[in-house]
Amino acid sequence: MKTWKKIGVGLLVCALGVGAVWADNRLNRAPAYDPAAFASYRGASYAPQAQSRAFDGADAYQTVGETAAARLLYNSARHAFAVEDKAAASRWETAVTGLQTENTDSLGALFSAVIADTNTGNTLTVDNVKDACTVQESGLKGGVQLAFTFPAYELTLTLQVFLDDSGMLCRVPLEGVREGEGYHLVNLDVLPFFGAAGQGDKGYVLYPDGAGALYRFGEGNPPSTTPLTLDVYGPRNLSLDDLEDNRAKRIPNLMLPAFGMKRGEAAFAAVICEGDASAAITLAPSGYVYPLHRVYACAVYRRVTSTKNDAGFDVFHVEEASRGNDFAVKFFFSGGKPAGYSWMAGAIRGHLLDAGLLPESAETEGGAYVELLMGAEKSGMLGASYQTMTTAREAGTILEELRAAGNGLTASLLGWQKEGYGVSPGSLSAAAGVGGKRGLQALSPDGVTLALQLPVVFGGTEKTGAKRRRDAVVNVRGVTLVNEDESAFLLNANTQYRLLEKRLAGFDAFSGKGLLLTGAAELLYEDYNRGSAMTRQETLQALRALMDKAGQAGPLLLPRANAYALPYADFLTEMPEGGSGYALLGESVPFYYLVVNGSIPYALETAGNLSPDLQKTKLTWIEYGAAPYFLLSGESSEKLTDTAAESLFSTGYADQKDSAAAVLQEWAALRESLKGQRLCGHERTGENLTVCTYSGGTRILVNAGDEDARIAGEPVPARSYRVLPG
């Protein structure tokens, strides 16, 4: 009998254990993604209208679309297009003719598709020139639709090329991609030869690396056999260690889904207006397959991953389900206007304004930007404690004094929560050391737009509501995405949205303040977690909803903002001053800022008090149209040892007060001279010499060199600038 009792007790213990595990799994199940919840954040469709049209198969270009500015031509025999820019008297073609080169197999292809064998995972490239295919032509309003079918691969791809009132679109509708069982589409290069420049052409490619970068044709650029392809909004193959390393080295994303080319005296600008969440942009220099300079967009549908088998050989794996979207690229043409990256920025700005993706004018006064470090968790022999760096009372005094020095101030409080600086996701529990909730409620300096930092997306603790087991992103191999020491993970965007909803329920207590939402604007990613899986497009929509929700609580500040964040931002912070340093991209330009200036104020990534050369940093702010930026604290930075902020130095306000006030006074005078004008032109006239043009005709001449110089005929002292009223 005793034996049966023991068995019964054992079974009961096992049952209780199984029940506890079941209950724990139920309680820690991530919420399933509901597409309907974020459907309104998907973005506009650029689907064209059908129109009856006859095709005669003639080897001649015929007009298929025309506007006041451009004419679209189509060659039915070659399946090639050309755009005539009427005002510029220039012609841009999809086909390349007369090129003297050994390899002409795919010249003029409208697309190049990478497909994968579903049995082996091996990939191959097909296009509409070198590979056998049938073509079905049909008419569109202002253009043509072409459906290419490759019988050998059971694959059909549909391209729609047409004009609208402002430019030319090339669109690949997802419903026009049809696959068989043997091969799946991995990615698709769209119009890879459009506008290709020859070795004798003068000009450059604009590439959206960070602030923007130029690849100049033949000017110190030897022929290269290696193209540059980068994913829009962050890498597809995520590594948190690489992301942390890139942050430390200030290597930015492709933040705008846009590119362009200047060829001779004409130019085009292009924007990925559909499918930008799963897209890449390729710069193909002369020497990569062909003696041509090219730039084009790529639509991404699947990932191909590899593992090692027992023999040490790579075994490739192709995603079964497509993660593609409707994909469209819109091209704008310079139309006789001075062609260059400033014009390209204006074209992209116009598109974003028309699409409602950029505010017409700034709602938040720019002025200057100040971050106040309130506190950080400090490690000690007896455990961790909160190291107060600035109290709410001190913050009020600092901000009042700095506002009096200038006219217009935006400020953020960092590390104000009880968990301190650098902890994500952040809570809304104020640290007692800064004055607690009451201290922050009372902090309301006149004339200052004030935001509280709230880290999201990146996870590093489970103390603030997120759980790694439940909320962390899983990669394509089913492995939780963490860094090497497993101290950081990424949060599922849907889970993060739900967590923010809970946070904001208590944010009314901080009425009148906004949020500095760290993480939401700077990275797109996928989650393969069973039950809560999300594509990059779905993540984009959830993050848009998250930022929209946060912006309803007050002014929204966003660091390192990708383009999808622009409709929700009141101020941008930690914006890049350059690019990634790729050898092909020899010159950084403020393309991003020429797009957003006048709509959203912004600050760059280097704080004036943390710069080794404040004067040089000031000139960069002026050249890029940025607000001056300081990172300060009430206490000396010496107290930051053994905290997450120990890399910061020279933050003590007492030491920086006079310098910061002088800069803010200088900027107040500069803003007065501009009187609300927008930065709309940028030109380098020599090394370290720049002309910045504003919408009212005012010009600022910047000499960042060590010697006096003349810029646009005017003398400018070394390491200085000069304002010429319009």
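Residues numbered from 1 in each chain as written. Predicted model: local features only at pLDDT ≥ 70, side-chain atom pairs only at ≥ 80, totals over all residues. Heavy atoms only, no water.

K.L.:
Describe the overall build of the chain, with residues and values.
P.N.:
In terms of helices and strands, the chain carries eleven helices and 42 strands. Against the 2.2 N^0.38 benchmark of 27 Å for 726 residues, the chain shows a C-alpha radius of gyration of 28 Å, consistent with a compact globule. Across its three principal directions, the C-alpha atoms of the chain cover 100 × 80 × 45 Å. Classification of the 726 residues of the chain by burial places 56% in the buried group. When contacts within the chain are restricted to residue pairs at least 6 apart in sequence, long-range pairs at least 24 apart make up 66% of them. In the structure as shown, the chain presents an accessible area of about 30300 Å², 48% of it carried by carbon and sulfur atoms. Computed over 64 positive and 81 negative side-chain charges, the separation of the two mean positions in the chain equals 6 Å. (Helix = DSSP H or I, 4+ residues; strand = E, 2+ residues; numbered from the N terminus. Rg over C-alpha atoms; globule rule 2.2 N^0.38 Å. Buried < 20%, exposed > 50% of the residue type's maximum accessible area, 1.4 Å probe, protein only. Contact = heavy atoms within 4.5 Å. Areas by Shrake-Rupley, 256 points an atom, 1.4 Å probe, with all protein chains shown as cover. Lys, Arg positive; Asp, Glu negative; His and termini not counted. Charge placed at Lys NZ, Arg CZ, Asp CG, Glu CD.)

K.L.:
Please give an account of the sheet that holds strand E33 (residues 571-575) that cites residues and values.
P.N.:
Here we have eight strands laid out as an open sheet, ordered E35-E33-E32-E31-E28-E27-E24-E36, and parallel in their pairing. Edge positions in the sheet fall to strand E35 (602-604) and strand E36 (629-632), since each has one partner strand and no second. The average undirected angle you get between the axes of adjacent strands in this sheet is 20°. In this sheet, strand E28 (residues 448-455) lies alongside strand E27 (residues 409-414) in parallel orientation, the contact comprising five bridges. Residue pairing for E28: Ala-411 is matched across the bridge by Leu-450. The sheet strands contacting helix H4 (residues 392-405) are strand E24 (368-373), E27, E28 and E36, and the helix crosses E24 at an angle near 165°. (Pairing = 2+ DSSP bridges. Axes fitted to C-alpha atoms, helices over the stretch in contact; angles between N-to-C directions.)

K.L.:
With reference to specific residues and values, describe the packing of aromatic side chains.
P.N.:
Where two aromatic rings form a pair, the distance of their centres and the angle of their planes describe that pair. Counted according to the given criterion, the structure contains 26 aromatic pairs. Relative to Tyr-74, the ring of Phe-55 lies with its centre 6.0 Å away and its plane at 90°, an arrangement referred to as edge-to-face. Taken together, the residues Phe-55 in the loop between helix H1 (2-27) and strand E1 (61-66) and Tyr-74 in strand E2 (residues 70-75) connect sequence positions 19 residues apart. For Phe-55, a relative accessible area of 24% corresponds to the partly exposed category. The structure contains a cluster of three or more aromatic residues connected by ring pairs, namely Trp-92, Phe-194, Phe-268, Phe-331 and Phe-333. Geometry around Phe-458 places Arg-247 over its ring, the cationic atom sitting 4.7 Å from the centre. Over the ring of Trp-92 we find Arg-263; its NZ or CZ atom is 4.1 Å from the centre of that ring. (Phe/Tyr/Trp six-rings, centres within 6.5 Å; stacked < 30°, edge-to-face > 60°. Lys NZ or Arg CZ within 6 Å of the ring centre and 35° of its normal.)

K.L.:
Which residues make up the nonpolar core, and what are the values?
P.N.:
Among the nonpolar cores identified, the biggest contains 199 residues, and Leu-517 and Met-547 are the most heavily contacted of them. Those residues within four positions of Leu-517 in sequence are excluded, and the remaining contacts are Leu-454, Val-456, Leu-500, Leu-546, Met-547, Ala-550, Leu-556, Leu-557, Leu-558 and Pro-559. (Core = buried A, V, L, I, M, F, W, Y, C linked by side-chain atoms within 4.5 Å.)

K.L.:
Give me the sheet that holds strand E3 (residues 80-85): which residues, what numbers.
P.N.:
The antiparallel open sheet is built from four strands, whose spatial order is E1-E2-E3-E4. Each of the sheet's edge strands pairs with one partner strand only, and the pair in question is E1 and strand E4 (90-93). Taking each pair of neighbouring strands and ignoring which way they run, the sheet shows an average axis angle of 25°. Here six bridges tie E2 to E3, and the two strands are oriented antiparallel to one another. Looking across to E3, one finds that Tyr-74 is bridged to Phe-81.

K.L.:
Can you break down H4 residue by residue, with the values?
P.N.:
With 14 residues, H4 ought to run about 20 Å at 1.5 Å a step, and its terminal C-alpha atoms sit 20 Å apart, in line with that. Turning to H4, its buried residues are Ala-392, Ala-395, Gly-396, Ile-398, Leu-399, Leu-402 and Ala-405. Buried positions along H4 lie against E24, E27, helix H5 (436-442), E28, E36 and helix H11 (653-674). (Expected span 1.5 Å × (residues − 1).)

K.L.:
Describe unusual backbone geometry, and please don't skip the residues or the numbers.
P.N.:
Ser-424 connects to Pro-425 through a cis peptide bond whose omega is -5°. Within the element layout of this structure, Pro-425 appears in the loop between E27 and H5. The phi angle at Arg-719 is positive, at roughly 50°, despite the residue not being glycine. Of note, Arg-719 is situated in the loop between strand E41 (714-716) and strand E42 (720-724). When its relative accessible area of 29% is taken as the criterion, Arg-719 is described as partly exposed.

K.L.:
Explain the pairing of strand E8 (residues 143-150) to me, using residue names and the numbers behind them.
P.N.:
Each regular strand carries side chains that alternate between the two faces of the sheet. Here E8 lies mainly inside the structure; six of its eight residues are buried. As defined by bridge partners, strand E7 (residues 134-140) adjoins E8 across seven bridges and the pair is classed as antiparallel. Considered in E8, the bridge of Gln-136 is made with Ala-147. Taking the residues that link successive antiparallel strands as the turn, the E7-E8 hairpin has two residues, and the phi of Gly-142 there is positive, at about 80°. Relative to strand E9 (residues 155-163), E8 runs antiparallel, the two being bridged by eight bridges. For Thr-149, the partnering residue across the bridge sits in E9 and is Thr-156. Two successive antiparallel strands, E8 and E9, enclose a turn made up of four residues, where Glu-154 displays a positive phi of approximately 50°.

K.L.:
An account of the environment of Val-135 is requested, with residue identities and associated values reported.
P.N.:
Summarising the element assignment, Val-135 is placed in strand E7. Note on Val-135: relative accessible area 30%, which makes it partly exposed. In the structure, Val-135 is positioned 21 residues away from Thr-156 in sequence and 9.5 Å away in space, judged by C-alpha atoms. Val-135 has contacts with His-79, Leu-146, Ala-147 and Phe-148, leaving out every residue within four places of it along the chain.

K.L.:
Describe the environment of Leu-543, naming the residues involved and giving the relevant values.
P.N.:
Considering the arrangement of structural elements, one finds Leu-543 in helix H8 (residues 536-551). On the basis of relative accessibility, which here comes to 0%, the residue Leu-543 falls in the buried class. Between the C-alpha atom of Leu-543 and that of Tyr-564, which follows or precedes it by 21 residues, the distance is 8.9 Å. With sequence-adjacent residues up to four places away left out, Leu-543 is seen in contact with Val-457, Ala-493, Ala-520, Leu-523, Leu-524 and Tyr-564.

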